Structures are given as structure tokens and as C-alpha cells.
Amino acid sequence: MIWLFRLEEAGDDVMQSDDATIAQAQGAEKNTKWQEILAFVVLAVLIWPILTVGVVGGYGFLIWMSQLVLGPPGPPH
């Protein structure tokens, strides 16, 4: 009988902890949404433009240096 009573108490604790877990998950969901928006803004405004300028600038520098060493493109004179 005692073990049955303890099992019922454990069941009540599980129910209460489930309610707390749901409330915590809803709070975490709001926090996660703001974190996603912040991550998107950082990527869209800071990281991708800087990375794009670096890649295009690096490619232009590579072409410029290759033309200095190998000469301009076109038929030989």
C-alpha cells in the first residue's frame, strides 16, 4: 500500500513538473525567436556584406597580380 501511495505522489510531481516545463518552454521559445532575429540581422547586415567585399576584392587582386606577372590578356604583340 505504501508503494502505491508513493507512486501516486510521484505522478502528481510529474504532472506539476510537466506544467513547469511547458511554461519554461514557452519562455524559451520567445527567447529563441529573438535570438534567431538577432542572428539573422548580424548575418544579413554585418557578416555577409563583409565576406562578399572580401571575396570580390580578393578575386580582383588575384586578377590584377596575374596581369602584372603574365601581362594583359589578348594576343601577343
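In what follows, the accompanying structure is described. (Residues numbered from 1 in each chain as written. Predicted model: local features only at pLDDT ≥ 70, side-chain atom pairs only at ≥ 80, totals over all residues. Heavy atoms only, no water.)

Remarks on the overall build of the protein
Item 1. Tallying secondary structure elements over the protein gives one helix and zero strands in all.
Item 2. About 7300 Å² of surface is accessible on the protein, with carbon and sulfur atoms providing 72% of the total. (Helix = DSSP H or I, 4+ residues; strand = E, 2+ residues; numbered from the N terminus. Areas by Shrake-Rupley, 256 points an atom, 1.4 Å probe, with all protein chains shown as cover.)

Here's the deal with the packing of aromatic side chains
Item 1. Across all of its chains, the model carries one aromatic pair by this definition.
Item 2. Pairing Phe61 with Trp64 gives two aromatic rings, centres 5.9 Å apart and planes at 70°, and the pair type is edge-to-face. Within this pair, Phe61 and its partner Trp64 are both found in helix α1 (residues 2-70), separated by three residues, close to a single helical turn. (Phe/Tyr/Trp six-rings, centres within 6.5 Å; stacked < 30°, edge-to-face > 60°.)

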